[in-house]
Amino acid sequence: MISISLCMIVKNEGNILARCLDSFRLVADEIIIVDTGSTDNTKDVAAQYTDKVYDFTWVNDFSAARNYAFSLATSDYIYSCDADEVLDSENLQRFLDLKSLLLPEIELVQMKYREATGAETTLNAQMEYRPKLFKRLRTFSWIDPIHETIRTEPVVFDSDIIIDHKPAGGHSQRDFATFQKAFERDHTLSTRIASMYAKELWRYGRTEDFADARNVYQHLMNSTLVPGSDPYLEACLILGKEAILDHRVSDFFKYMMKILLMNPCSECCMELGRYYMECKDYVEASVWFENAARETNPLLDIHSAGDQALVAWAESLEKCGLEDEAILRRQEARDWVLPTGD
């Protein structure tokens, strides 16, 4: 049977930390908690479960804090845990079974991340696989019968374990500040981080958050992003949204037209529909909402091609006096559900 170090980074999680550790304690041979500056009772709660509680000065870098936590682990494998995760009894048993049966050549185990209903999230599915369990010391082996080389890709196992994500509140403002700090430090963002920033902005950003992001995405468009690529189109969406929030209609259409010429998406159609609703051109608005729901795919937010598009379409149909059609669209919106993603 393998041994597991549960490693966490925390800050002001005193209200949910016990819930998390109670659900995971049976799978953990070692619990390591790294606190990045709590001002509540987080460390007191942590001390009830482990004597391995450490302080880490926050440097606006989650990777640095998590790497420090991993460096303290001593078990065969490391489970990377967040305080808002919960393991129910069925998946606890699955985890214990995995622990007793895991083959030594497995270097990374993915688990299904399931979002609580109504949680502030950027997921476009009810569940998605995430890497969660990592072999602490990796062994290297030669592969290929001729021109042999070292295997560098990890051996990955997709488990059936489901981790419930139950956040106590949103972290968007904290995340936006971290994205900004990362950009200020490196004067760029990786395409993955830029996309995550865009997704979170699109769902939870305030007018001032979009204003803060304007220079970031303008710089990325002018330096690293390939026109027509998904990251480029995501930047156009953010810049177009920022422009309309700032009442710069010409700039709004500039970015929306780029998207329509390259690869139309449902978010672009939704924004055009909202623009025409504001102009009281309900027939034109209905055309764009229909395109969001029926003809295009989302880049940042699946709801823009689903329930949000259907509700907006219904509202425009009502304004056009098409009550029966509007009723059908509202019913379709009520029946719409996120894809499972598994």
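See the structure shown above.
Residues numbered from 1 in each chain as written. Predicted model: local features only at pLDDT ≥ 70, side-chain atom pairs only at ≥ 80, totals over all residues. Heavy atoms only, no water.

### Re the overall build of the protein
Under the convention used in this document: Only runs of H or I of at least four residues qualify as helices and only runs of E of at least two qualify as strands under DSSP, and these elements are numbered from the N terminus. Exposure is judged per residue with a 1.4 Å probe applied to protein chains only, and the accessible area is read against the type maximum: over 50% gives exposed, under 20% gives buried, and values in between give partly exposed. Here, Shrake-Rupley sampling with a 1.4 Å probe gives the accessible areas, and only protein chains in the shown set may cover a residue. His is not counted, nor are the chain ends; Lys and Arg add positive charge and Asp and Glu add negative charge. Charge placement uses NZ in Lys and CZ in Arg. For Asp and Glu, CG and CD serve respectively.
In terms of helices and strands, the protein carries 13 helices and 10 strands. Seen through its C-alpha atoms, the protein measures out along the principal axes to roughly 65 × 55 × 45 Å. By the burial criterion, 45% of the 342 residues in the protein qualify as buried. When the accessible area of the protein is evaluated, it comes to approximately 17,200 Å², of which 51% is carbon and sulfur surface. In the protein, which carries 36 positive and 57 negative side-chain charges, the distance between the mean positions of the two groups comes to 2 Å.

### Some remarks on the pattern of salt bridges
Short version of the rule: What makes a salt bridge here is a side-chain nitrogen of Lys or Arg within 4 Å of a carboxyl oxygen of Asp or Glu, nothing more.
By the definition in use, this model includes 28 salt bridges. Across the pair Arg 94 and Glu 90 runs a salt bridge whose closest N-O atoms are separated by 2.8 Å. One end of the pair is Arg 94 and the other is Glu 90, both in helix α4 (residues 89-101) and four residues apart, which spans about a single turn. Taking relative accessible area as the criterion, Glu 90 reaches 49% and is therefore assigned partly exposed. In this structure, Asp 301 and Arg 203 form a salt bridge, with 2.9 Å as the shortest nitrogen-oxygen distance. With Asp 301 in the loop between α11 (282-294) and α12 (307-319) and Arg 203 in helix α6 (residues 191-204), the pair connects residues that are 98 residues apart, well separated along the chain.

### Concerning unusual backbone geometry
Unlike most non-glycine residues, Asn 12 shows phi in positive territory, near 55°. Tracing the sequence through the fold places Asn 12 in the loop between β1 (4-10) and α1 (17-24). Given a relative accessible area of 31%, Asn 12 falls into the partly exposed group. Phi angles above zero are rare outside glycine, and His 247 is one such case at about 65°. Turning to its location among the elements, His 247 is positioned in the loop between α8 (230-245) and α9 (249-262).

### Focus: the side chain of Arg 329
Defined as follows: Residues adjacent in sequence count toward polar contacts only when both atoms are side-chain atoms; beyond that, a polar contact is any pair of N or O atoms within 3.5 Å, and within protein one must be able to donate a hydrogen and the other to accept it. Residues count as neighbours in contact if any of their non-hydrogen atoms are within 4.5 Å of one another.
With respect to the helices, strands and loops of the structure, Arg 329 is situated in helix α13 (residues 323-335). Residue Arg 329 is classed as buried on the basis of its relative accessible area, which comes to 12%. Polar side-chain contacts of Arg 329 include one of 3.1 Å to the side chain of Glu 332. Residues in contact with Arg 329, not counting those within four places in the same chain, are Arg 294, Leu 310, Trp 313, Ala 314 and Leu 317.

### What about the nonpolar core?
Spelled out, the test is: Buried Ala, Val, Leu, Ile, Met, Phe, Trp, Tyr and Cys residues that are joined via side-chain atoms within 4.5 Å together make up what is termed a nonpolar core.
Membership of the largest hydrophobic core comes to 51 residues, with the highest contact counts inside it found for Tyr 197, Leu 201, Tyr 217, Met 221, Leu 237, Ile 238 and Ile 259. At eight residues, the largest contribution of residues to this core is made by α8. Those residues in contact with Tyr 197 that lie beyond four places of it in its chain are Phe 176, Phe 179, Gln 180, Leu 189, Asp 209, Ala 213, Val 216 and Tyr 217.

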